[in-house]
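# Structure at a glance
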Amino acid sequence: ITCTQVMAESEEDNFYNIEMNLLIQIQEYLKNNFVNGVEDIDLIRGAIKGMVESLNDPYTKYYSPEEFQSFQDTTTGSFGGIGVAITKMNNMIVVLSVIEGTPAEKAGIRAGDKIVEVDGKDVKGLPLPEVSDLIKGPKGTRVTVGVLKDENGSIYRFEIMRDIIEVNPVEWKLIDENIGYLKVTIFNENTVKYVDKALDVFKMTGIRAIILDLRDNPGGIMGQAIEVANRFV
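Computed from a prediction, not measured in an experiment: that's the story for all the values here. (Residues numbered from 1 in each chain as written. Predicted model: local features only at pLDDT ≥ 70, side-chain atom pairs only at ≥ 80, totals over all residues. Heavy atoms only, no water.)

### Focus: the pattern of salt bridges
So the rule is basically this: Any carboxyl oxygen of Asp or Glu within 4 Å of a side-chain nitrogen of Lys or Arg constitutes a salt bridge here. Strands here are runs of E lasting at least two residues and helices are runs of H or I lasting at least four, both read from the DSSP assignment and numbered beginning at the N terminus. Each residue's exposure class comes from its accessible area (1.4 Å probe, protein chains only) as a fraction of the maximum for that residue type: buried when under 20%, exposed when over 50%, partly exposed otherwise.
What the rule picks out here adds up to 11 salt bridges. Of the charged contacts, one joins Asp 40 and Lys 31 as a salt bridge, the two residues approaching to 3.3 Å between their closest N and O atoms. A salt bridge links Glu 117 to Arg 157, with the shortest nitrogen-to-oxygen separation between them at 2.9 Å. Of this pair, Glu 117 sits in strand E4 (residues 114-118) while Arg 157 is found in strand E7 (residues 155-161), placing the two residues 40 residues apart along the sequence. On the accessibility criterion, Glu 117 (16% relative accessible area) is buried.

### Observations regarding the packing of aromatic side chains
Filter applied, for reference: In summary, the pairing rule links any two rings of Phe, Tyr or Trp, Trp by its six-membered ring, whose centres are within 6.5 Å, and it sorts them by plane angle into stacked for under 30 degrees, edge-to-face for over 60 and tilted for everything else. Only Lys NZ and Arg CZ are tested; either one counts as a charge over a ring when it is within 6 Å of the ring centre and within 35 degrees of the ring normal.
Under the defined criterion, the tally for this structure stands at 1 aromatic pair. When the ring centre of Phe 79 is taken as reference, the NZ or CZ atom of Lys 136 above it lies at 4.9 Å. Positioned over the ring face of Tyr 181 is Lys 173, at 5.4 Å from the centre of the ring.

### A closer look at the environment of Ala 209
The condition that has to hold: Every residue pair with non-hydrogen atoms within 4.5 Å of one another is taken to be in contact.
Along the polypeptide, Ala 209 turns up in strand E11 (residues 209-213). When the C-alpha positions of Ala 209 and Tyr 181 are compared, they lie 8.7 Å apart, and in sequence the two are 28 residues distant. Beyond its immediate stretch of four places on either side in the chain, Ala 209 contacts Asn 178, Ile 179 and Gly 180.

### Observations concerning the environment of Thr 191
Its place among the elements puts Thr 191 in helix H6 (residues 191-205). Among the residues examined, Thr 191 registers a relative accessible area of 0% and is labelled buried. Spatially, the C-alpha atoms of Thr 191 and Val 167 are 9.1 Å apart, while their sequence positions differ by 24 residues. Setting aside anything within four residues of it in sequence, one finds Thr 191 in contact with Pro 169, Val 170, Val 184, Ile 186, Gln 224 and Val 228.

Below you can see the structure in the form of structure tokens.
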């Protein structure tokens, strides 16, 4: 080992120690001075997320336990819930769509309704994932959802029994009776099943071409993506 190597390794170790000490100091400073208080676990997860994001790789991500559960719900294609897709608009939780045949549809919740309560808790201003988690739950359990349906300010409360909600990631339609349009929004465990149903209809209709729309598809289960590709390649 040369003297230069020893010096280089010593400088590297010294730099590492300085950075680690700085990280610990920042952690302690935030714990002691942040106005709303903060937990060690949140700071550690934030540091881990920062390390992963420093790679600048869109396919390498860090998920908190809550985010990972949400990811699992998306890729498995089923979860315990009431069957609504929600979004946040003007600081309000708005129902984008209601899945046909689900408890939410049967209860009377419709697209455009504004969710303001879940089990008596005011959800106005809460993050969208937090509201989604409040609505989801095991099959057979009940949740009370308060919604605004019009501008008079009256809250309609629906007590709904949760069920297993199956997410259909495939949309299809016929264009001019001879072109099939097929949109795949994500590759979850239901994708191939619903793609095959659409292709069966296309085959019976005698279409001459298919538009396969994969815009904004974030990916998902590789096996499902391969099986869909096998239908065309």
